[in-house]
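Below are the chains, spelled out letter by letter.
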Amino acid sequence: MSEIPAKATESKDPLDGARAEAADDAVAHVRPGEPPSGDAMWQSSPPGSIYDYIKVASFSIGPDGLVEQWSLRAEQLFGIPAQHAVGMDPIEAFIDPDLRAQGQRKMAEILDGREWTGVVPFRVPASAADGECGREGLAEVYVMPTRTEEGEKAAVCIVVDVRTLRSIETDLAASQAIFGQSPFGFVLIDPDLRVRRVNYRFASLFGGSPDDHRGKGVHDYLPRPEAERVTATLRRVLETGDSITDMHVTGFLPGSDERRHWSINLYRVRSGSGRPIGIAWLGTDITARRAAAREAAAARRNLALLNEAGARIGNSLDLETTARELLDVVVPGFCDLATVDLYQGLLAGDETPPGLADGSAELRRVAFASAVSDAPFIGSGAPVSVGAVHHYPFNSPCADALRTARPQYIPAEEGGLVQSTLAVPMVAHDTVVGLAQFARTKGSEPFGDRDRDLAVELAARAAVCIDNARLYRREHERALILQRSLLPPGDPVASGLDIACRYLPGNSSADRPSEVGGDWFDVIELPGHRTALVVGDVMGRGLRAAVAMGELRSAVRTLALLDLEPAEVLSALDEIARGLGAPGGVQQATRAARRPREADLSEVYLATCVYAVYDSVTRRCTFANAGHLPPVLVEPGEDALMLDVPPGMPLGVGGEPFEEVEVELPEGALLALYTDGLVESRDHPLDEGLQAFVGALTDPSAPLEDVCDHVLNTLDTHHGEDDIALLMARVQGLPADSVGDWTLPREPRSVGRAREYARGQLLSWDLEPLVDTTELLVSELVTNALRYGEGDIRLRLLLDRTLVCEVWDSGLVQPRRRRARDTDEGGRGLQLVGLLSAAWGSRRTPRGKTVWFELPLPDGQNGMVDPAEALLSLF
C-alpha cells in the first residue's frame, strides 16, 4: 500500500527506512496462532504486490493551494524531487494553460471542503529531472479534504497513472484470452512444481475441469521415467532461468493405450519485481507429426535404398554375382539376414525355368548375408548352406510364394533369433526365377506393408538382372558352341607336320561383357601330302562375327579343295567377305563394285587372314596375307624371326591383289600363326607384344604342346579383352625313301613302264597287297595322259599315312568323269579309279595339270576292293 505523505520532505528508498521498520515491528507483534493486529495490517506490501505494477502517488495541498507535502511515489511518478515540488502551484505546474482556469475553480471548490475525483491530463514542468521535462500523461486524481493542525482547510491528493493502469488491463485481458483460447496445452507450475493453473485445452485432453488439475504434479500425467526426466528439467529451468524449446515427451492419455508424443516449451515466469513465481508449460501434440516424419524418413530411406539397388545390382552378367549384389544392398540397411535361392534348372541352362509351378522344384542357395551372425539362415526346416540344392515342402509359405508369385510372411519360431521374415518371389517378365528371404532379428522393427512393397521392388529388380544374365549366358553359350563347332575338332593332323593349337575365347572385360569373337584357325589336308594352314580374325564381336567367321572358314575349305594358289584363295575370300553384308550376296556385291561408289547402308564385314600351303615333299611353304600379323619362323639353332610376307588389304575391302611368298622350311623348323589377341592389349602396344612373342619362342625343340603353354603363360595376354588363336607346326618333311618320282616319254610303252615302276616301288615299301590295284589305276591315268594330255609324263608315288599316286602332264584340260552307256567301249577309266581308290582328283599346276588318287595302307582292318569285282560292277 502506498504511504501517506509525512511532514518530512526527505527522499528515502521505499524499500528501506520507515517501510522496513514498520514491517519488522508489525511482524514482531504478531504471535503464532493469533490473527494479526490492526497495526500489522498496515505493514509494507510484500514483493509481488499489485503496487509493483501500477503507479500510485500522493501529495498534500496547503490552505494556500500550494504543494505542502510530496511523497516518494510522487517523485517517482512525476520525476520532480520534493525540494522542487514543495511550494509549487500544481495547477500552474502540471495543467495545460487552456485548462488552468477550470483547474483553479476546482481547486477553490476542493479547498472549500469538497471531495473530487476525475481524470486530469498533465504535463511535467521544466524543473523535472533530465528526460522527464515536457512529458505528458493522464492521471486519475482522488482529492480528499483535510485540515491542518491550525484548523485551516487543506487537501490530500492520491494520483494513479491511468495509462499504466490501462496497459495492465489490456495485458491482463490479452493474457486471459491467450491462456483460455489457446489451441495448445498451457500449464502454469508454481515453484513447488505443482500445477497452479491449466487452460481448457489441457483439461480436455487429460479430463476434468481446469480447477481439477490444481495441485497435481508431473507424475500424475507421465510414466515414471519420463516424469523424472521432466521434473529434473523443470527444476533446472526454475533455478537457472534458461528456457527449454521443443523438448519431446512421451506418454499416454487417460483411458487410452496409444502412445502420444508432445513437444513442450518451458520458461520461467517472474513477477513485476523480477521474483520467480513459477514455470510456464506450453505443450503441442506432435504424434501425427512424428508419424508423418517417420513415414517421410522411411520413404526417403526406401528411395535411397532403391537408388542404391539400381546402381549396384546388375553390374555383372553372372547369376550368382547378381544375387550377392542384392544382399549387399539389403543387409544391413533393410534387414539383418537374407538369402537368395534360384531354380536349379535355371542355373543348369534350361530353356524355360519352372515359373509358376507347384513351388516344390529344386532350388540352389546362391547367396547368404547376415549382419548379426555367420550361422546359416534359419527358416522353416533344416538349415541350408550356400551352394546346396534343396526344395520347400508344398504347404510351406516359401512354396506358396513361389507358386503364387506373391510375398508371404513367415511366422517366427519360438525362442529363435528371428522375429519377422518375408519370403519374396523373384519375378522377371512374369516368370519366377527364384526366392529371396529377408529377416529381421528381435529388437528390430517388424516388417510392415511398406517394407513388403519395398522388398517386392528390390526382388523384382534383381530378378530382371538375373533373368538378363540367364539369357545372356544362354546366348553366349550358344555362340560359343557355334564358334567351337566351326573350329577343327580334336587335334589336327597333317602330312609332314607336327601340329599343336590353342583357342581361348574372350571373357568379360572392364567395359563390356563377354562376347564371342571371330578368330579362327584351320588345318586342311590337300592332295599330294600337302597341307593348308589358315588363321583369321573377323573384326567385331558377338554372334554376327562368329557367323561371318563360319562362312569364311567354310569358303576357305571349299577353295582349298579346288587346289587354288594362296593368292587366288584370298582373292575369292575377299569377294565373299564383301558379299556377306550385301543384300544380294556375292553377286550383288560384285555388281555394286562396278557401279560408282555411293552411300552404302549395308553391313561391312572385314577380316584378316593368312593362308599358307606346305608341301611335305619339297618342304616349301607358300604364304599369302590379307592384312594379318606376319607368321613367325624358328629354325633349328636360330632365333625366332617374323617372315616378311607382304600384308595385303583385309578381306572385304576389295580392289587390291594379294602377293605370294614361297619359303623353304628346314627340317625341324617351327612355324607359328596367331591372332592379335595374343600380342596386343590395351596396356601393351602391338610392337611390344610381337617382340615378347618372338622372345618367348626360345626352345623350339620342346614338344609343341609345351611350347604353346609356355607362350601363353609367358606373354601378358590380358586374356578376356579378345579371342586368342595360336597354331604352331613343326616341319617334318617326307623322307626321300618315301618318294618315288619318274619321268616317262610320251609313247605307248610308257604305260607298261609305269606299271613296272609302281610295282617295284610298292614291293620295296612292303605294300604287296596294293600292287595289283595300283598297277591298274596307274595304267588308267598314264593312258589318259597319253591320249588327252600334252608333253612328257611324270609319275610320282608318295608314302606317308596313305599312298598317293600322281600323274603329271603339260595339258591344261582337266579330266571329267562321266557315266558310260552299256554300248560304249570307253569312258569307264575314271569310274574305275573312283571305285578302287579312297579319293581321287585333279589340280592345275604352273605347267599343266596333275591327276592323283589315294589308297589307304593295309592294316588288316580295312578290306581292299577286288579289282576284278570293281571292273565287273561297271557293266
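Quick note: structure is the one above.
Below is a short write-up of the structure. (Residues numbered from 1 in each chain as written. Predicted model: local features only at pLDDT ≥ 70, side-chain atom pairs only at ≥ 80, totals over all residues. Heavy atoms only, no water.)

**So, the environment of Arg578**
- Looking at the secondary structure, you find Arg578 in helix H15 (residues 566-580).
- Among the residues examined, Arg578 registers a relative accessible area of 22% and is labelled partly exposed. (Helix = DSSP H or I, 4+ residues; strand = E, 2+ residues; numbered from the N terminus. Buried < 20%, exposed > 50% of the residue type's maximum accessible area, 1.4 Å probe, protein only.)

**What to know about the pairing of strand S4 (residues 136-147)**
- Of the pairings in the sheet, the one linking strand S3 (residues 116-123) to S4 comprises eight bridges and is antiparallel in character. Within S4, the residue paired with Val120 across the bridge is Ala139.
- Two strands pair when backbone bridges link them, and S4 and strand S5 (residues 153-161) are joined in this way by nine bridges, in the antiparallel orientation. Bridge pairing links Pro145 to Ala155 in S5.
- Remark: five residues form the turn of the hairpin made by S4 and S5, two consecutive strands paired antiparallel; Gly151 in that turn has positive phi of roughly 90°. (Pairing = 2+ DSSP bridges.)

**Remarks on the packing of aromatic side chains**
- In the structure shown here, the tally under the stated rule is 13 aromatic pairs.
- Members of the aromatic cluster, joined through ring pairs, are Phe59, Trp70, Phe78, Phe94 and Phe122.
- Across the ring face of Phe394, the terminal group of Arg403 is positioned such that the distance to the ring centre comes to 4.3 Å.
- The ring of Trp808 carries the charged tip of Arg794 above its face, separated from the ring centre by 4.6 Å. (Phe/Tyr/Trp six-rings, centres within 6.5 Å; stacked < 30°, edge-to-face > 60°. Lys NZ or Arg CZ within 6 Å of the ring centre and 35° of its normal.)

**Concerning the nonpolar core**
- Among the nonpolar cores identified, the biggest contains 57 residues, and Trp520, Leu533, Leu573, Tyr611 and Leu727 are the most heavily contacted of them.
- The biggest single contributor to this core is helix H14 (residues 543-561), with eight residues.
- Formed by 49 residues, the second largest nonpolar core is a distinct cluster that contains Ala338, Val366, Leu402 and Ala455. (Core = buried A, V, L, I, M, F, W, Y, C linked by side-chain atoms within 4.5 Å.)

**Looking at the pattern of salt bridges**
- As enumerated under the stated definition, the model contains 36 salt bridges in all.
- Note that Glu705 and Arg502 form a salt bridge whose closest N and O atoms lie 2.8 Å from each other. Note that Glu705 is positioned in helix H18 (residues 704-714) and Arg502 in strand S17 (residues 497-504), a separation of 203 residues in sequence.
- Assessed through its relative accessible area of 34%, Glu705 is described here as partly exposed.
- The closest approach of N and O atoms between Arg844 and Glu568, which form a salt bridge, is 3.7 Å. Here Arg844, found in strand S30 (residues 839-845), pairs with Glu568, found in helix H15; they are 276 residues apart in sequence, far enough to count as distant. (Salt bridge = Lys/Arg side-chain N within 4 Å of Asp/Glu carboxyl O.)

**Notes on the sheet that holds strand S23 (residues 641-642)**
- In space, the five strands of this open sheet follow the order S17-S26-S25-S22-S23, with antiparallel pairing throughout. Each edge of the open sheet carries a strand with a single partner, namely S17 and S23.
- Across five bridges, strand S25 (residues 670-674) lies against strand S26 (residues 724-731) in antiparallel orientation. For Ala672, the partnering residue across the bridge sits in S26 and is Met728.
- Lying over the sheet, H18 contacts S17, S25 and S26, oriented at roughly 35° with respect to S17. (Contact = heavy atoms within 4.5 Å. Axes fitted to C-alpha atoms, helices over the stretch in contact; angles between N-to-C directions.)

**Points about the packing of helix H20 (residues 771-788) against helix H21 (residues 829-836)**
- Running from amino to carboxyl end, H20 crosses H21 at an angle of 150°, the nearest separation of the two axes being 10 Å. Handedness of the H20/H21 crossing: left-handed. Along its contact with H20, which presents Thr773, Leu776, Leu777, Glu780, Leu781 and Asn784, the element H21 presents Gly829, Leu830, Leu832, Val833 and Leu836.
- For the contact of H20 with H21, the class distribution of residues is seven nonpolar, three polar and one charged. (Left-handed = near helix turned anticlockwise from the far one by under 90°. Nonpolar A, V, L, I, M, F, W, Y, C, P; charged D, E, K, R; others polar.)

**Points about the environment of Gly834**
- For Gly834, the location among the structural elements is in helix H21.
- For Gly834, a relative accessible area of 25% gives the class partly exposed.
- Residues Gly834 and Phe853, spaced 19 residues apart in sequence, show a C-alpha to C-alpha distance of 8.4 Å.

**Section: helix H6 (residues 162-181)**
- With 20 residues, H6 should reach 28 Å at 1.5 Å per residue; the first-to-last C-alpha distance of 28 Å fits that figure.
- Every buried residue belonging to H6 is among Val162, Thr164 and Phe179, and all of these are buried. Projected down its long axis, H6 carries its buried residues within an arc of 165°, all on one side. Along H6, the residues that are exposed and aim more than 90 degrees away from the buried face are Arg163, Thr170, Ile178 and Gln181.
- As for H6, its buried residues are in contact with S3, S4, S5, strand S6 (185-189) and strand S7 (195-198).
- The distance from a side-chain oxygen at the start of H6 to the backbone nitrogen of Arg163 is 3.2 Å, and the residue carrying that oxygen is Asp161. (Expected span 1.5 Å × (residues − 1). Arc of directions from axis to C-beta. Polar contact = N/O pair within 3.5 Å; in protein donor to acceptor, adjacent residues only side chain to side chain.)

**Some remarks on the pairing of strand S15 (residues 418-428)**
- The buried fraction of S15 is high, at nine of 11 residues.
- As judged from the three bridges shared by strand S14 (residues 408-410) and S15, these two strands associate in the antiparallel manner. Among the inter-strand pairings, Ile410 is bridged to a residue of S15, identified as Thr421.
- As judged from the 10 bridges shared by S15 and strand S16 (residues 431-441), these two strands associate in the antiparallel manner. Paired with Ala423 across the strands is Gln437, a residue of S16.
- Two successive antiparallel strands, S15 and S16, enclose a turn made up of two residues, where His429 displays a positive phi of approximately 55°.

**Focus: the sheet that holds strand S27 (residues 739-744)**
- Ordered by their spatial adjacency, five strands build an open sheet running S27-S28-S29-S31-S30, and the pairing between neighbours is antiparallel. At either end of the open sheet lies a strand with only one pairing partner, and these are S27 and S30. Adjacent strand axes in the sheet meet at a mean angle of 15° when their direction is disregarded.
- As judged from the six bridges shared by strand S28 (residues 793-799) and strand S29 (residues 802-809), these two strands associate in the antiparallel manner. Residue pairing for S29: Leu797 is matched across the bridge by Cys805.
- Together, S28, S29 and strand S31 (848-856) form the strand contacts of H20, whose direction differs from that of S31 by roughly 170°.

**Here we look at a negative patch on the surface**
- Together, Asp64, Glu149, Glu150 and Glu152 make up a negatively charged patch on the protein surface.
- Summarising the element assignment, Glu152 is placed in the loop between S4 and S5.
- Taking the relative accessible area as the measure of exposure, Glu152 reaches 42% and is therefore partly exposed. (Patch = residues over 30% accessible without salt bridge, like charges linked within 9 Å, V, L, I, M, F, W, Y side chains within 5 Å. Areas by Shrake-Rupley, 256 points an atom, 1.4 Å probe, with all protein chains shown as cover. Lys, Arg positive; Asp, Glu negative; His and termini not counted. Charge placed at Lys NZ, Arg CZ, Asp CG, Glu CD.)

**Points about unusual backbone geometry**
- The omega angle of the peptide bond from Val331 to Pro332 is 5°, so this bond is cis rather than trans.
- You can see Pro332 is positioned in the loop between helix H10 (319-330) and strand S11 (337-343).
- Of note, the phi angle at Leu193 is positive, near 60°, even though the residue is not glycine.
- For Leu193, the position within the fold is in the loop between S6 and S7.
- Here Leu193 falls in the buried class, since its relative accessible area comes to 12%.
- The phi angle at Asp246 is positive, at roughly 55°, despite the residue not being glycine.
- Following the sequence through the fold, Asp246 ends up in strand S8 (residues 244-252).
- The class for Asp246 is partly exposed, based on a relative accessible area of 40%.

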